[in-house]
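# Coordinate analysis (summary)
Listed here are the chains, written in short residue letters.
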Amino acid sequence: MALLKVKFNQKKRVKLAQGLWLMNWFSVFAGILVFSMGLFLKIELRKRSEVMDNSESHFVPNSLILMGILSCAFNGFAGKICYDSLDPAKFAKWKPLLKPYLALCFFFNILIFFVALICFLMRGSLESTLAQGLKNGMKFYRDTDTPGRCFMKKTIDMLQIEFKCCGNNGFKDWFEIQWISNRYLDFSSKEVKDRIKSNVDGRYLVDGVPFSCCNPSSPRPCIQYQVTNNSAHYSYDYQTEELNLWRRGCREALLHYYSSMMSSMGAVVLLVWLFETSVMVGLRLLHTSLESITNPEDPECESEGWILENSLKDTLKSALERLKKIGKFNQVEADAEGAEGEEGGKTPAITTVS
């Protein structure tokens, strides 16, 4: 028994073809939207590529761009088919291509669904690449005179100001690295010498943070140096005082920004997938309803359309049988080639008669 069998007359076939033509052009615009989202995400990721450890995060925008291009191409082609289906003479040239095209549409829809899932599942990978990238970026913060790294200070400062964050996981991350360049240290000062000597790696570590960690909304002037020294500031208690520094780490801030963006894009791609699936189903119904016309000379006669010619169970069963036959055929060919190789490898014995 056919799956989703529907009876059609001439009027219904025309309405279906016109509706599908319109839906295909809506899908083209949806493809442009998906392409634009991928391009926007790629630009946003490139803006902060200096604080990302690898390029794996670009898999999502690249996939969205590819799906957008393919969607425009597939649906533009389908729109032409639907338009020509109104004329039997024009539709005849598309008949041999419809089955392969529908198979391609099926795999294309699987890819769209996969990309939508990836948009929701990329958080873990993005978190690790941001954590390592920010850690490396903070190490190079002081290298304002080193070619290739001189921009890192500006990048980190602008990042912390824009996203209202400080450090990788929090402001204390700055206590663990030397973020002040040696160029601006007075090595004749006893304090500088003592700090460098007290560190195993000979680094100048301070309990301070860059100016970009300061919260301008705080009523108190920013305390960015000697943050943990209560006696260095009037009416100040490090343990209880509400610090006028950004509490949130930049990893968390960027992760929330990109994750929410990709989740929204994933939801849009899922809607596009549902729309594309409905277009594919409609196109299959149109294809089968036109092929099942008993009298081609009478276009007004009734016909039947279906999604699958047999039930889902029977279709899967026949597909498995075909795969088994193909497997057996390949195995027989491989065995035959092996037997020929063995025969060729044998050398005939030559008997010498004296």
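Definitions and limits used
- Residues numbered from 1 in each chain as written.
- Predicted model: local features only at pLDDT ≥ 70, side-chain atom pairs only at ≥ 80, totals over all residues.
- Heavy atoms only, no water.
- UniProt positions renumbered as here; feature names shortened; annotations may be inferred.
- Salt bridge = Lys/Arg side-chain N within 4 Å of Asp/Glu carboxyl O.
- Disulfide = S-S within 2.5 Å.
- Helix = DSSP H or I, 4+ residues; strand = E, 2+ residues; numbered from the N terminus.
- Buried < 20%, exposed > 50% of the residue type's maximum accessible area, 1.4 Å probe, protein only.
- Expected span 1.5 Å × (residues − 1).
- Contact = heavy atoms within 4.5 Å.
- Axes fitted to C-alpha atoms, helices over the stretch in contact; angles between N-to-C directions.
- Parallel < 35°, antiparallel > 145°, perpendicular 65-115°, else oblique.
- Left-handed = near helix turned anticlockwise from the far one by under 90°.
- Nonpolar A, V, L, I, M, F, W, Y, C, P; charged D, E, K, R; others polar.
- Core = buried A, V, L, I, M, F, W, Y, C linked by side-chain atoms within 4.5 Å.
- Domains from an automatic or database assignment.
- pLDDT = per-residue confidence, 0-100.
- Phe/Tyr/Trp six-rings, centres within 6.5 Å; stacked < 30°, edge-to-face > 60°.

As annotated in an unreviewed UniProt entry, the protein chain carries the name Peripherin-2 and is attributed to Gavia stellata. The Sequence similarities (unreviewed entry) field of the UniProt record for the protein chain holds the comment "Belongs to the PRPH2/ROM1 family." Looking at the protein chain in UniProt, the text filed under Subcellular location (unreviewed entry) is "Membrane".

Another point: the pattern of salt bridges. Inspection of the entire model under this criterion finds nine salt bridges. Linked by salt bridges that have partners in common, Glu44, Lys47, Arg48 and Glu162 make up one network.

With that settled, consider the state of the cysteines. Within this structure, the stated rule accounts for three disulfides. Through a disulfide, Cys166 is tied to Cys213; the S-S separation comes to 2.0 Å. Handedness here is read from the sign of the S-S torsion; for Cys166 and Cys213, about 85°, the answer is right-handed. Taken together, the positions of Cys166 in the loop between α6 (152-163) and α7 (190-197) and Cys213 in the loop between α7 and α8 (250-291) put the pair 47 residues apart, joining distant regions of the chain. Take Cys166: its relative accessible area is 0%, and that puts it in the buried class. The class of Cys213 is buried, set by a relative accessible area of 0%.

This paragraph deals with α6. Look at α6: 16 Å from first C-alpha to last across twelve residues, which is about the 16 Å you get at 1.5 Å a residue. Listed in full, the buried residues belonging to α6 are Met152, Thr155, Ile156, Asp157, Leu159, Gln160 and Phe163. Those residues of α6 that are buried lie in contact with α5 (123-139) and α8. Among the residues trailing α6, Lys164 stands out with phi positive, at a value near 55°.

Okay, the packing of helix α1 (residues 10-47) against helix α2 (residues 59-84) next. Two elements in contact, α1 and α2, have axes whose closest approach is 7 Å; the angle formed by their N-to-C orientations is 165°. Our classification of the angle between α1 and α2 gives roughly antiparallel. The chirality of how α1 crosses α2 is left-handed. Of the residues assigned to the contact of α1 with α2, the class counts are 21 nonpolar, ten polar and one charged.

This part is about the nonpolar core. Grouped together as the largest cluster of nonpolar side chains are 79 residues, with contacts concentrated most on Leu41, Leu64, Phe171 and Trp174. Elements represented by at least two residues in this core include exactly α1, α2, α4 (95-121), α5, α6, α7 and α8. Broken down by element, the residue count for this core peaks at 15 residues, all from α8. Mapped onto the domain boundaries, this core takes at least three residues apiece from domain 1 (3-137 + 252-294) and domain 2 (171-247). Contacts of Leu64, omitting those with residues within four sequence positions, involve Val34, Phe35, Met37, Gly38, Leu41, Val115, Cys119, Met265 and Val269.

As recorded in UniProt, the sites labelled "transmembrane region" (unreviewed entry) are residues 20-41, 101-122 and 255-275. Spanning residues 20-41, this segment combines 100% helix with 0% strand, and its end C-alpha atoms are found 31 Å apart. In the segment residues 255-275, helix accounts for 100% and strand for 0%; the C-alpha atoms at its two ends are 30 Å apart.

Moving on, we get to the environment of Arg142. For Arg142, the position within the fold is in the loop between α5 and α6. On the basis of relative accessible area, Arg142 is assigned to the partly exposed category, the value being 27%. Residues in contact with Arg142, not counting those within four places in the same chain, are Gln178, Trp179, Ile180, Ser181 and Asn182.

Attention shifts here to the confidence of the model for the protein chain. When pLDDT is averaged along the protein chain, the result is 82, and 82% of the positions lie at 70 or above. Mean pLDDT across the elements of the protein chain bottoms out in helix α9 (residues 312-345) (63) and peaks in α6 (93). Scored below 50 in pLDDT, residues 350-354 shows zero contacts in the model against residues more than four places distant or in partner chains.

Moving on, we get to the packing of aromatic side chains. Considering all chains together, one arrives at twelve aromatic pairs under this definition. Both rings, one in Phe113 and one in Trp273, keep their centres 4.8 Å apart while their planes meet at 45°; by these two values the pair is tilted. Placement of Phe113 in helix α4 and of Trp273 in helix α8 is noted, with a sequence separation of 160 residues between them. What makes Trp273 partly exposed here is its relative accessible area of 23%. Here the aromatic cluster, defined as three or more aromatic residues joined through ring pairs, consists of Phe74, Phe77, Tyr101 and Phe108.

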